Amino acid sequence: MRRCVCPGSFDPVTNGHLDVIERASRLYDEVTVGVLVNATKTSLFEVGERIEMLREATADLGNVVVDSFEGLLVDYCRDRDIPVVVKGLRAVSDFDYELQMSQMNNRLTGLETLFVATNPEYSFLSSSLVKDVAKWGGDVTGLVPEPVRLRFATRLQ
Ligand code: PNS
């Protein structure tokens, strides 16, 4: 079975993330969306809520599973026999850090990274920008999956 992981903070998942997950689900037999548990980083949504939103948003994709992980991504992947990370690249500004992480991951355990070019419709999109827009009452329709938009509406009212 060909497996990959789409890792991230997903605080919250955006339509840009979802586009990458959907495309990975066409390339691999099983896609694990790995939500990073990072106790030192302040987040708007709890890990449990982020997982719930991801599960709702990917419910129609039969080969996508959502999980959380703590520690090194390479350890998580090695334990689950996942040889590939799939990541979206929005712009050149993403490239430096993503390249470093992919090279470090490859150096550590041989984990490979496949970069997909983000759909230009979403190249400006990030979780932090979406949170800022929602916080000040802006409309995030079309930027995030519907379960996320609804949670923003209740969370920030
Ligand atoms: O959505 P993000 O915050 O940009 O995702 C970053 C993520 C989760 C992919 C990255 O921080 C990560 O893999 N963290 C796990 C810890 C780890 O493996 N660090 C070494 C990376 S080379």
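Residues numbered from 1 in each chain as written. Predicted model: local features only at pLDDT ≥ 70, side-chain atom pairs only at ≥ 80, totals over all residues. Heavy atoms only, no water.

A.B. asks: Hey, could you run me through a nonpolar patch on the surface in this one?
C.D. replies: On the surface, L72, M104 and L108 cluster together to form a nonpolar patch covering roughly 290 Å² of accessible area. Of note, L108 is situated in helix α4 (residues 92-109). (Patch = residues over 30% accessible without salt bridge, like charges linked within 9 Å, V, L, I, M, F, W, Y side chains within 5 Å. Areas by Shrake-Rupley, 256 points an atom, 1.4 Å probe, with all protein chains shown as cover. Salt bridge = Lys/Arg side-chain N within 4 Å of Asp/Glu carboxyl O. Helix = DSSP H or I, 4+ residues; strand = E, 2+ residues; numbered from the N terminus.)

A.B. asks: Would you mind showing me how to read the packing of helix α3 (residues 73-80) against α4 here?
C.D. replies: Closest axis-to-axis distance for the α3/α4 pair is 10 Å, and the angle between their directions is 50°. Taken as axis vectors, α3 and α4 run oblique relative to one another. The hand of the α3/α4 crossing is right-handed. For the pair formed by α3 and α4, the contact residues are L73, V74 and R78 on the first element and N105, L108 and T109 on the second. (Axes fitted to C-alpha atoms, helices over the stretch in contact; angles between N-to-C directions. Parallel < 35°, antiparallel > 145°, perpendicular 65-115°, else oblique. Left-handed = near helix turned anticlockwise from the far one by under 90°. Contact = heavy atoms within 4.5 Å.)

A.B. asks: How should I be thinking about the site of the ligand in this particular structure?
C.D. replies: Around the ligand sit 13 residues, and of these G8, S9, G71, L72 and L73 come closest. Between the ligand and S9, the relevant distance is 2.6 Å, taken from an oxygen atom to a side-chain nitrogen or oxygen of the residue. At a separation of 2.9 Å, an oxygen atom of the ligand approaches a polar backbone atom of L73. Starting from 550 Å² of accessible surface for the ligand in isolation, the protein chains cover 73%. Elements supplying a minimum of two residues to the shell around the ligand: β1 (3-8) and α4. (Near = heavy atom within 4 Å. Polar contact = N/O pair within 3.5 Å; in protein donor to acceptor, adjacent residues only side chain to side chain.)

A.B. asks: Before we go on, may I ask you to explain the sheet that holds strand β3 (residues 64-69) in this structure?
C.D. replies: Backbone hydrogen bonds are what pair the strands of a sheet, in a parallel or an antiparallel way. Taken in spatial order, the 5 strands make up an open sheet running β3-β2-β1-β4-β5, and their pairing is parallel. Both outer strands of the open sheet, β3 and β5 (112-117), are each paired with one neighbouring strand and no more. Averaged over all adjacent pairs, the angle separating strand axes in this sheet is 30°, with direction ignored. Across 2 bridges, the pairing between β1 and strand β4 (residues 84-89) is parallel. From the neighbouring strand, V5 faces β4, where its bridge partner is V85. The strands touched by α4 are β4 and β5; relative to β4, the strand with the most contacts, the crossing angle is about 175°. (Pairing = 2+ DSSP bridges.)

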